[in-house]
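# Observations on chain architecture
Below, each chain spelled out in residue letters.
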Amino acid sequence: MNTQSEISVISESLSLCDDRVGDITPLVYQRFFELDTSAASLMEYSDKHMRGRMFASVLELFLSDDPFENDGFLAWELDNHVSAYSVTKGMYESLFKAFIEIVKETLGDAWSTDLERAWTDRIARIMNEVSQRD
């Protein structure tokens, strides 16, 4: 699956989630904090707006290739989060696991091998970047 197809499949799955349950942001954060209590502690004082901005940044990683440039958004975010907030590789893994689990649960029978491949490939690409800066 090429990158554009991957982005298209992910985008469509997010639209389907929105049709089914509306905003999945709170569901993803709830699962994220269940999976990683250290992340929950780290984000204890974050407000709805900060979480919304963070969620939008994650969506950008899933839906665009721009953040992957050497001096792009992802490189800056990783350097910033690791140095300023002590974010770990495990926290990123937990966040992305929470994301895919919620999408999968929300879509239920509509979840497919194409969706699985698109999401897993995209997350693997992001985690590769995370690992290089770890």
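The structure reproduced in this document is the subject of the present report. Since the model is a prediction, treat every value here as computed from it, not as a measurement.

## Concerning the packing of aromatic side chains
The geometry of two aromatic rings is summed up by the distance between their centres and the angle between their planes. One pass over the full model with this rule turns up nine aromatic pairs. Note on Tyr-29 and Phe-33: the rings are 5.8 Å apart at their centroids and 35° apart in plane angle, and the pair reads as tilted. Of this pair, Tyr-29 and Phe-33 both sit in helix 2 (residues 25-35), separated by four residues, roughly a single helical turn. Of the residues examined, Phe-33 reaches a relative accessible area of 16% and is grouped as buried. Judged by centre distance (6.4 Å) and plane angle (35°), the rings of Tyr-92 and Phe-96 are tilted. Separated by four residues within a single helix, Tyr-92 and Phe-96 lie in helix 6 (residues 89-107), roughly one turn from each other. Residue classification places Phe-96 among the buried positions, given a relative accessible area of 2%. Of the aromatic side chains, those joined through ring pairs into one cluster are Tyr-29, Phe-32, Phe-33, Phe-55, Phe-62, Tyr-92, Phe-96, Phe-99 and Trp-119. Sitting above the plane of the Tyr-29 ring, Arg-51 keeps its charged end 5.6 Å from the centroid.

## What to know about a negative patch on the surface
Together, Glu-12, Asp-18, Asp-19 and Asp-23 make up a negatively charged patch on the protein surface. Looking at where Asp-19 falls in the secondary structure, it is placed in helix 1 (residues 3-21).

Conventions adopted
- Residues numbered from 1 in each chain as written.
- Predicted model: local features only at pLDDT ≥ 70, side-chain atom pairs only at ≥ 80, totals over all residues.
- Heavy atoms only, no water.
- Phe/Tyr/Trp six-rings, centres within 6.5 Å; stacked < 30°, edge-to-face > 60°.
- Helix = DSSP H or I, 4+ residues; strand = E, 2+ residues; numbered from the N terminus.
- Buried < 20%, exposed > 50% of the residue type's maximum accessible area, 1.4 Å probe, protein only.
- Lys NZ or Arg CZ within 6 Å of the ring centre and 35° of its normal.
- Patch = residues over 30% accessible without salt bridge, like charges linked within 9 Å, V, L, I, M, F, W, Y side chains within 5 Å.
- Areas by Shrake-Rupley, 256 points an atom, 1.4 Å probe, with all protein chains shown as cover.
- Salt bridge = Lys/Arg side-chain N within 4 Å of Asp/Glu carboxyl O.
- Lys, Arg positive; Asp, Glu negative; His and termini not counted.
- Charge placed at Lys NZ, Arg CZ, Asp CG, Glu CD.

Purely geometric stuff here, so don't read any function into it on its own.
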